[in-house]
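Descriptive structure summary
Here is how the chains run, residue by residue.
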Amino acid sequence: QVQLVESGGGLVQAGGSLRLSCAASGRTFSSYPMAWVRQAPGKEREFVAAITSGGVTGYADSVKGRFTISRDNAKNTEYLQMNSLKPEDTAVYYCAASRLYGLRYRISEYAYWGQGTQVTVST
């Protein structure tokens, strides 16, 4: 079982930056592929970025070149560095962990979820 707690959300102006963190409990954190998923008001959850246990990363086209996902297995923590933020990045951002190996792009493949953290980008 893995429990996930996000932090770092907030209000930022367009063009600004934020770093989200996801603290995980459980001794096997390092073996889980992790991801960030977001949900804007009135929209379905959307894949943002993923990282394997070995550090291989993948991104949605909408954030490629602006967002960076990383993890520190010693601290049981996952991060999402968000630069050049746009108003359309406004959403609740969720941390997720999968029980399947490899880079996972499908939201349905993630079994564990945090409670989410709000990111609001103003014009």
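Predicted model, so just to flag it, every value in this text is computed and none were measured.

1. Quick word on the nonpolar core
Of all hydrophobic cores here, the largest spans 35 residues; its most connected members are L4, M34, W36, L80, M82 and Y93. Mapped by element, the contributors of at least two residues to this core are β3 (18-24), β4 (34-39), β5 (46-51), β7 (67-72), β8 (77-82), β9 (91-97) and β11 (117-122). Excluding anything up to four places from it in sequence, M82 contacts G16, S17, L18, L20, R66, F67, Y93 and V119.

2. Quick notes on the sheet that holds β7
With antiparallel pairing, the 4 strands of this open sheet are ordered in space as β1-β3-β8-β7. Whereas interior strands pair on both sides, the edge strands pair on one side only; in this sheet they are β1 (4-7) and β7. This sheet shows a mean twist of 15° between the axes of neighbouring strands, independent of strand direction. As paired strands, β1 and β3 are joined by 4 bridges and run antiparallel to one another. If you follow V5 over to β3, its bridge partner there is A23.

3. Describing the environment of G58
As for its position among the elements, G58 is in strand β6 (residues 57-59). For the pair G58 and T68, spaced 10 residues apart in the sequence, the C-alpha separation amounts to 9.4 Å. Apart from residues lying up to four places away in sequence, G58 is in contact with F47, V48, A49, A50, L103 and Y105.

Quick notes on the rules
Residues numbered from 1 in each chain as written. Predicted model: local features only at pLDDT ≥ 70, side-chain atom pairs only at ≥ 80, totals over all residues. Heavy atoms only, no water. Core = buried A, V, L, I, M, F, W, Y, C linked by side-chain atoms within 4.5 Å. Buried < 20%, exposed > 50% of the residue type's maximum accessible area, 1.4 Å probe, protein only. Helix = DSSP H or I, 4+ residues; strand = E, 2+ residues; numbered from the N terminus. Contact = heavy atoms within 4.5 Å. Pairing = 2+ DSSP bridges. Axes fitted to C-alpha atoms, helices over the stretch in contact; angles between N-to-C directions.

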